[in-house]
Every structure is written in C-alpha cells, then in structure tokens.
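This is what each chain is made of:
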Amino acid sequence: MKISHVLWVELMIGMSFAHSSQTKPQHEEGRPGSKMIRRRTTGHKLSILPTIIGEISGPSDHLPPSCDNAAKGEEIPKRIIQTVATKDTLNDSDWFKFHTSLQEQNLNYTFHIFDDNESLQFIDEHFKNTTLPDVIRSVPRPVMKADLFRLAAVSVLGGFYMDMDMLAKGSFDPIVYSGCGAVFPKEWWRDDDAFFDRHFKLPLDSEDHWQVGNYAFAAVPKHPLLIDSLEEAIKRSTELIHSKGEKVDDVTDLDVLRTTGPYMLSEVYHDGRKEGKYKDVLHISGDKSRPLKKGQEHRFSWHKFGPYAEHMLSHTWVQAEEEIKSDTEL
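Values in this document were obtained by computation on a predicted structure and should not be read as measured data. (Residues numbered from 1 in each chain as written. Predicted model: local features only at pLDDT ≥ 70, side-chain atom pairs only at ≥ 80, totals over all residues. Heavy atoms only, no water.)

Draft legend 1. Representation of empty space enclosed by the protein in the model. By the definition in use, this model includes two cavities of 30 Å³ or more. In this structure, the largest cavity is lined by Arg 190, Phe 195, His 199, Lys 201, Asp 208, Ser 266, Glu 267, His 270, Asp 271 and Lys 274. For the lining of the largest cavity, the elements supplying multiple residues, two or more each, are helix 7 (192-199) and helix 10 (262-274). At five residues, the largest contribution of residues to the lining of the largest cavity is made by helix 10. Residues that form the lining of the largest cavity fall into these classes: one nonpolar, three polar and six charged. (1 Å grid on protein atoms, 1.4 Å probe; cavity = no way out; pocket = protein on both sides within 12 Å on 5 of 7 lines; lining within 4 Å. Points joined across faces, edges and corners; volume = space filled by probe spheres on them. Helix = DSSP H or I, 4+ residues; strand = E, 2+ residues; numbered from the N terminus. Nonpolar A, V, L, I, M, F, W, Y, C, P; charged D, E, K, R; others polar.)

The structure is reproduced here in structure tokens:
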C-alpha cells in the first residue's frame with residue numbers, strides 16, 4: 001500500500017525545513033560517534049526530505065512479521081493510541097498531516113487521542129490501587145508522563161502506540177495478523193562505546209546493540225513486556241524523584257531516557273530476552289527505502305516501524321540546550 005497522491009503532495013510542498021545551527025559528529029559508516037555534543041532545538045521544525053522523487057517503498061518490500069512463539073488466540077487490536085498536551089495540538093499543520101497519514105493507511109482502525117487531563121483520568125481509573133497515579137503526577141518532565149502513559153494505555157487496551165510525528169507508509173494489518181504478542185522497532189544500532197555510555201556495561205550479544213524504540217509499538221493487552229517495562233519505569237521514576245526532586249531543570253534528557261524512555265525499555269527487553277522471556281515479541285527492522293527525514297540518509301533502516309511507518313524525529317521534548325549523544329541518535 002502506498003501513501004496517497006494527495007497526501008504525498010501535501011507533505012512534499014506543505015512542510016518547510018528550518019534547522020537551528022548545530023554541530024554534528026562525524027560517523028564511521030554504521031558506527032555512530034559516542035562523544036557528548038551540545039545542540040539547540042529552539043526553533044527546530046519538522047521536515048520531510050524534499051529531494052525524493054517517486055513513490056515511497058511500502059510493506060510490499062518487506063516480508064510480513066511473524067513470531068516463532070506467537071500469542072495464541074489473541075490478535076493485536078486495531079486501535080491506535082496517541083497523546084497530546086491539548087487537543088489544540090491537532091490544529092498544527094505538521095501534526096495534522098502525520099495523523100492523516102495514519103488514518104488513510106488504517107481506515108478500519110479506532111483512534112484514541114488522549115490529552116493530558118484524559119491521560120490522568122485513565123491512569124486514575126485503571127491503576128487506582130497502584131503507585132502510578134502519584135508517580136505520573138510527580139515526575140518533573142512532561143515527556144516522562146507521556147512515556148509512562150503509553151506503556152500503561154497499551155497494557156490495558158492493547159493496540160498500537162504512535163508518537164504524533166509518526167508518518168504512516170502502509171497498513172498495520174500485517175502486524176495485527178502476524179501472531180506476535182508485541183512488536184517494537186529497532187531504533188538504531190549502538191557500537192560498544194555508545195552502548196556503554198547509555199547502559200554502563202558492554203553488550204553481551206549482537207542483538208543488544210539494537211535500541212528498542214518507544215516512539216511506536218504494538219501489543220496485545222497485558223503483555224508481559226509492557227507490564228515489566230511499566231513496573232521498571234515506575235521504580236526508576238520513584239528513585240529519580242527521591243534523588244533529584246521535582247524540578248524540571250534538575251532532570252536531564254539523559255535522565256529521561258534512562259528512567260522512562262528507550263534506554264530503560266531496551267534494558268528490560270534485552271535482559272528478559274536473554275533469560276528466555278518475550279519469545280512472542282518481534283523486534284522489527286526498518287525497511288531499506290530512502291528516509292523521508294532530512295539528515296537520516298546515513299542509515300536507511302533506522303528510526304522506522306518496519307516498513308509501515310517512519311519517525312520524523314521532531315524531538316520536541318528535548319531541552320533547549322542539553323548534553324546529548326547526537327542530533328538523531330538518542
């Protein structure tokens with residue numbers, strides 16, 4: 001399935017690119033640099049690579065996902081969950097185009113868009129006998145609340161979580177019918193130095209090098225990986241609150257990534273995988289089509305959700321000036 005002609009034209013001519021000045025590390029092919037750099041994200045805008053000519057490669061280029069130890073008798077629900085601060089966010093032209101791409105490619109799916117207040121109401125209703133309602137209100141960064149909510153919402157409802165800057169390139173039906181209990185993206189590959197910087201240890205096998213993305217994922221309700229990840233995120237959040245307090249300025253982007261974000265998720269998944277858990281989880285590679293996001297041409301398969309969607313990396317959550325690993329490899 002391809003992106004519709006009308007939507008593709010809108011995406012190509014309706015979105016401008018405005019990079020703030022920033023320094024980028026030089027990378028050896030396939031081995032991202034691991035040195036800390038500074039960059040500013042003030043004024044950062046989304047962009048789609050303007051030089052692409054022709055159609056976008058879609059799921060026809062990629063074998064349907066499958067799992068050796070599939071969850072029996074339960075499909076991933078045709079439900080797409082997204083979060084926004086307020087519903088006014090949907091009036092933004094960029095977000096509207098991305099959301100429209102998801103709708104056009106998944107016509108028979110139910111969409112749930114939670115704003116901040118609705119997210120808290122959901123947590124209060126479904127996790128009232130746990131510490132999550134207090135923790136999600138106490139974590140100092142909005143992105144941490146969003147990280148916690150996405151795990152909680154999909155663990156209860158099942159279905160797909162998609163960041164608001166996800167561009168759909170095809171129907172998610174192959175994932176629904178794959179027999180997998182959960183599907184998470186291979187976000188990007190870390191060399192030994194980059195891995196150590198993030199996890200304070202060295203990788204033990206080849207799969208460890210691949211970061212598990214949380215910008216897009218799918219699962220049946222109550223999947224063990226979601227439950228384990230949510231419990232670990234709550235635990236780490238509680239420890240962070242006690243050690244650093246509730247001031248936003250005291251919590252760095254790296255703290256976020258290690259507490260509720262993809263560094264935490266990667267550790268839960270890979271540690272469990274090596275213990276023989278999560279056998280019905282597909283850690284899916286991106287397709288080999290040219291990335292639509294400018295600056296991603298060095299590694300075609302990174303920052304995607306199989307061949308079905310691509311993360312446009314708005315990085316709206318990143319602090320205005322922060323020490324991070326690189327422009328795109330968080």
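Picking up after the structure, the text goes on.
Draft legend 2. Seen up close, the packing of helix 5 (residues 142-157) against helix 8 (residues 224-244). Following both chains from N to C, one finds helix 5 and helix 8 inclined at 155°, their axes separated by 9 Å at the closest point. Judged by the inter-axis angle, helix 5 sits roughly antiparallel to helix 8. Helix 5 and helix 8 meet at a crossing whose hand is left-handed. Contacts between helix 5 and helix 8 pair Met 144, Leu 148, Leu 151, Ala 152, Val 154 and Ser 155 from the former with Leu 226, Ser 229, Leu 230, Ala 233, Ile 234, Ser 237 and Leu 240 from the latter. In the contact of helix 5 with helix 8, the residues fall into ten nonpolar, three polar and no charged. (Axes fitted to C-alpha atoms, helices over the stretch in contact; angles between N-to-C directions. Parallel < 35°, antiparallel > 145°, perpendicular 65-115°, else oblique. Left-handed = near helix turned anticlockwise from the far one by under 90°. Contact = heavy atoms within 4.5 Å.)

Draft legend 3. Main features of the sheet that holds strand 11 (residues 309-311). Reading across from one edge, 5-11-10 is the order of the three strands in this open sheet, with antiparallel pairing throughout. Every other strand in the sheet has two partners, leaving strand 5 (166-168) and strand 10 (304-305) as the edge strands with one partner each. Pairing of strand 10 with strand 11 involves two bridges; the strand directions are antiparallel. Within the sheet, the bridge partner assigned to Phe 305 lies in strand 11 and is Ala 309. (Pairing = 2+ DSSP bridges.)

Draft legend 4. Structural view of the environment of Ile 234. Summarising the element assignment, Ile 234 is placed in helix 8. Those residues in contact with Ile 234 that lie beyond four places of it in its chain are Thr 131, Leu 132, Val 135 and Leu 148.

Draft legend 5. Broad picture of the packing of aromatic side chains. This structure, assessed with the given rule, holds eleven aromatic pairs. Aromatic side chains Phe 114 and Phe 149 sit 5.0 Å apart centroid to centroid with 65° between the ring planes, which places their arrangement in the edge-to-face category. One end of the pair, Phe 114, is in strand 3 (residues 110-114); the other, Phe 149, is in helix 5, with 35 residues separating them in the sequence. In this structure Phe 114 comes out as buried when scored by relative accessible area, which is 11%. Judged by its relative accessible area of 1%, Phe 149 falls in the buried class. Here a set of aromatic residues connected by ring pairs shows up, and it is made of Tyr 109, Phe 160, Phe 172 and Phe 305. (Phe/Tyr/Trp six-rings, centres within 6.5 Å; stacked < 30°, edge-to-face > 60°. Buried < 20%, exposed > 50% of the residue type's maximum accessible area, 1.4 Å probe, protein only.)

Draft legend 6. Seen up close, the nonpolar core. Counting 38 residues, the largest nonpolar core has Ile 123, Leu 132, Leu 148, Phe 184 and Leu 230 as its most contacted members. For Phe 184, the residues in contact, after removing those within four places along its chain, are Val 212, Gly 213, Phe 217, Ala 218, Leu 225, Leu 226, Leu 265, Val 281, Leu 282, His 283 and Ile 284. Membership of the second largest hydrophobic core comes to 23 residues, among which are Cys 180, Ala 218, Leu 282 and Ala 309. (Core = buried A, V, L, I, M, F, W, Y, C linked by side-chain atoms within 4.5 Å.)

Draft legend 7. Spotlight on unusual backbone geometry. Its identity is not glycine, yet Lys 222 carries a phi of approximately 60°, on the positive side. With respect to the helices, strands and loops of the structure, Lys 222 is situated in the loop between strand 8 (216-219) and helix 8. For Tyr 278, which is not glycine, the phi dihedral falls at a positive 60°.

Draft legend 8. Local environment of the pattern of salt bridges. Tallying each qualifying case throughout the model produces 17 salt bridges. When the shortest N-O distance is used, the salt bridge between Arg 141 and Asp 253 registers 2.7 Å. With Arg 141 in the loop between helix 4 (132-138) and helix 5 and Asp 253 in helix 9 (residues 253-259), this pair connects stretches of sequence that are 112 residues apart. Both residues of the pair, Arg 141 and Asp 253, belong to the buried class. In this structure, Glu 207 and Lys 186 form a salt bridge, with 3.4 Å as the shortest nitrogen-oxygen distance. One end of the pair, Glu 207, is in the loop between helix 7 and strand 7 (210-212); the other, Lys 186, is in strand 6 (residues 182-189), and 21 residues separate them in sequence. A relative accessible area of 11% means that Lys 186 is categorised as buried. (Salt bridge = Lys/Arg side-chain N within 4 Å of Asp/Glu carboxyl O.)

Draft legend 9. Highlighting the environment of Phe 217. Position of Phe 217 relative to the elements: it lies in strand 8. As for Phe 217 and Arg 150, which are separated by 67 residues in sequence, their C-alpha atoms are 9.5 Å apart. Discounting residues that sit within four places of it in the chain, Phe 217 has contacts with Arg 150, Leu 151, Val 154, Gly 159, Phe 160, Tyr 161, Met 162, Val 183, Phe 184, Leu 226 and Phe 305.

Draft legend 10. Quick look at the pairing of strand 6. Most of strand 6 sits out of view: eight of its eight residues are buried. Relative to strand 8, strand 6 is paired through two bridges, and the arrangement is antiparallel. Pairing of Val 183 across the sheet is with Ala 218, part of strand 8. Here four bridges tie strand 6 to strand 9 (residues 281-284), and the two strands are oriented parallel to one another. Bridging from a neighbouring strand, Val 183 pairs with Leu 282 of strand 9.

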